[in-house]
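Residues per chain, in single letters:
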Amino acid sequence: MKLGGPAQYFLEPRSVPELVAIVKACAAQKVAIRVLGGGSNLLVREEGVSGAVIKLTHEAFQTVSIDGNKLTTGGGALLSNAISQAVKAGLAGFENLAGIPGTIGGALRGNAGGRNGDIGQYVQSVKVLTVDGEILDRSDDELSFGYRQSNLTELVILEATFQLAADNPDEIIRRLRKTWIMKKSSQPLAAQSAGCIFKNPRGLSAGSLIDQASLKGTRVGGAEISDRHANFVVSDGKATSSDVLRLMDLVRSKVSEQFAVDLEPEIQIW
Ligand code: EPU
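Criteria and cut-off values
Residues numbered from 1 in each chain as written. Predicted model: local features only at pLDDT ≥ 70, side-chain atom pairs only at ≥ 80, totals over all residues. Heavy atoms only, no water. Helix = DSSP H or I, 4+ residues; strand = E, 2+ residues; numbered from the N terminus. Rg over C-alpha atoms; globule rule 2.2 N^0.38 Å. Buried < 20%, exposed > 50% of the residue type's maximum accessible area, 1.4 Å probe, protein only. Areas by Shrake-Rupley, 256 points an atom, 1.4 Å probe, with all protein chains shown as cover. Patch = residues over 30% accessible without salt bridge, like charges linked within 9 Å, V, L, I, M, F, W, Y side chains within 5 Å. Salt bridge = Lys/Arg side-chain N within 4 Å of Asp/Glu carboxyl O. Pairing = 2+ DSSP bridges. Contact = heavy atoms within 4.5 Å. Axes fitted to C-alpha atoms, helices over the stretch in contact; angles between N-to-C directions. Lys, Arg positive; Asp, Glu negative; His and termini not counted. Charge placed at Lys NZ, Arg CZ, Asp CG, Glu CD. Core = buried A, V, L, I, M, F, W, Y, C linked by side-chain atoms within 4.5 Å.

## Digging into the overall build of the protein chain
1) Next: If you tally the helices and strands in the protein chain, you get 6 helices and 19 strands.
2) Next: Relative to a compact globule of 270 residues, whose C-alpha radius of gyration would be 18 Å, the protein chain shows 19 Å and is just as compact.
3) Next: A principal-axis box enclosing the C-alpha atoms of the protein chain has dimensions of 55 × 50 × 30 Å.
4) Next: Looking at the protein chain residue by residue over its 270 residues, the buried ones come to 43%.
5) Next: When the accessible surface of the protein chain is split by element, carbon and sulfur atoms take 48% of a total near 13400 Å².

## Observations concerning a nonpolar patch on the surface
1) Next: Together, W180, I181 and L189 give the surface a local cluster of nonpolar side chains, amounting to about 280 Å² of exposed area.
2) Next: Assignment of secondary structure puts I181 in helix α4 (residues 169-186).

## Re the pattern of salt bridges
1) Next: Summed over the entire model, instances satisfying the criterion amount to 10 salt bridges.
2) Next: With a shortest N-O distance of 3.0 Å, D167 and R175 are connected by a salt bridge.
3) Next: Of the charged contacts, one joins R219 and D236 as a salt bridge, the two residues approaching to 2.9 Å between their closest N and O atoms. Here R219, found in strand β16 (residues 219-220), pairs with D236, found in the loop between β18 (233-235) and α6 (241-259); they are 17 residues apart in sequence, far enough to count as distant.
4) Next: Put simply, E95, D167 and R175 are held in one network by salt bridges that share partners.

## Considering the sheet that holds β16
1) Next: Within the open sheet, the 3 strands sit side by side as β16-β17-β18. Their pairing is antiparallel. Looking at which strands have only one partner, the edges of the open sheet turn out to be β16 and β18.
2) Next: Set on the sheet, α6 makes contact with β16, β17 (223-225) and β18; between it and β17 the angle comes to about 30°.

## Considering the side chain of K199
1) Next: Considering the arrangement of structural elements, one finds K199 in the loop between α4 and α5 (206-212).
2) Next: Excluding residues within four positions of it along the chain, K199 makes contact with Y147, R148, A206, L263, E264, P265 and E266.

## Considering a negative patch on the surface
1) Next: Residues D137, D140, D141, E142 and E159 make up a contiguous surface patch of negative charge.
2) Next: Residue placement: D140 occurs in the loop between β11 (135-139) and β12 (145-146).
3) Next: On the basis of relative accessibility, which here comes to 47%, the residue D140 falls in the partly exposed class.

## Quick look at the pairing of strand β5 (residues 64-67)
1) Next: In the sheet, β5 pairs with strand β6 (residues 70-74) via 4 bridges, with the strands oriented antiparallel. Considered in β6, the bridge of V64 is made with T73.
2) Next: Here β5 hands over to β6 after 2 residues, with G68 in that stretch at a positive phi of 65°.

## Regarding unusual backbone geometry
Among all residues except glycine, the phi angle is most often negative; among peptide bonds, the trans geometry is most common.
1) Next: Within the chain, K2 stands out as a residue other than glycine whose phi angle is a positive 60°.
2) Next: You can see K2 is positioned in the segment before β1 (7-11).
3) Next: Classification of K2 by relative accessible area gives exposed; the value is 75%.
4) Next: Phi angles above zero are rare outside glycine, and N111 is one such case at about 45°.
5) Next: The residue N111 is located in the loop between α3 (104-109) and β8 (113-114) in this model.

## Details of the sheet that holds β1
1) Next: Here we have 3 strands laid out as an open sheet, ordered β1-β4-β2, and parallel in their pairing. If you trace the sheet from one side to the other, it starts and ends with β1 and β2 (33-36), each paired once. Between one strand axis and the next, the sheet turns by 30° as a mean value, whatever way the strands run.
2) Next: Alignment of β2 against strand β4 (residues 49-55), held across 4 bridges, turns out to be parallel. Across the sheet, I33 pairs through a bridge with A52, a residue of β4.
3) Next: Relative to β4, helix α1 (residues 16-29) is tilted by about 165°, and along the sheet it contacts β1, β2 and β4.

## Some points on the nonpolar core
1) Next: Ranked by size, the top nonpolar core spans 28 residues in total, and within it L79, F94, I104, L108, I119, V126 and F162 carry the most contacts.
2) Next: Every element with two or more residues in this core is listed here: α2 (79-88), β7 (91-92), α3, β10 (123-129) and β14 (156-163).
3) Next: With 5 residues, the top contributor of residues to this core is α2.
4) Next: Apart from residues no more than four positions distant in its own chain, F94 is found in contact with L71, L79, A82, I83, A86, I119, Y122, F162 and L164.
5) Next: Ranked by size, the runner-up nonpolar core spans 26 residues in total, among them M1, A194, A223 and A230.

Here it is as structure tokens:
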């Protein structure tokens with residue numbers, strides 16, 4: 001949402017050894033670490049983030065390679081880049097994730113997805129870095145993915161390998177276009193937002209409940225419930241994080257009053 005305060009320390013390591021050194025130094029100095037993916041599912045509070053924020057922007061964390069039906073990518077690579085490489089190589093699966101912003105690491109941690117599936121279903125193995133600076137390989141049978149969640153709780157997702165399937169390239173592109181068009185027609189993709197703000201309650205749609213509560217267009221300061229999709233809060237460029245948080249509280253209480261449903265935030269709040 002491009003909102004919120006600064007990080008106390010902001011680090012962009014250039015290599016895995018440099019990242020490991022940062023993690024060990026922070027552990028020794030008792031400095032808390034958070035890893036920022038693409039920042040696309042995140043709201044940072046006005047007061048900013050104490051401790052260190054690491055972002056995997058350098059080449060060492062951004063590689064995407066293909067071997068047969070397997071695609072291996074660095075945790076800092078953009079999901080959109082992995083999707084286009086897979087599509088170009090005639091590998092099916094990732095086209096279902098078209099339109100989802102952010103990095104592979106962020107997508108895996110929160111099992112990003114939508115109506116056509118989620119990223120967890122394609123994972124074969126994941127290389128992680130623990131808070132103690134240890135590198136571990138986690139295979140498919142040790143991993144579990146649920147609705148917007150995973151058991152990938154280690155500090156950093158360094159790399160992941162996905163098992164995709166060869167398919168007719170025209171069919172893959174047709175599905176990619178369809179997913180993209182559906183998303184574009186129902187979501188305010190050009191606006192400043194953090195995607196869907198609340199999780200869908202079991203069997204229900206948060207967007208539909210907020211819409212039925214007539215909250216589209218409701219504003220707090222510069223934050224507004226999108227007219228296009230009621231589960232999106234968009235910023236007019238002048239909003240603050242506090243505006244967004246106050247608007248989220250208002251939505252939760254109205255939906256709870258009218259439908260007796262407690263909405264749970266889907267975005268991360270730092
Ligand atoms: N609806 C309304 N009014 C609205 C929005 C939606 O009535 O303002 C209705 C729709 O007409 C539809 C139902 O609610 O009948 C569901 O809406 P939609 O198809 O847009 O899907 P969604 O459940 O709101 C989910 C994910 C999205 C993902 C889409 C498409 C969640 C919280 N949201 O949205 O994910 O892009 O499916 O696959 O799970 C995100 O995670 O940030 C996100 C946007």
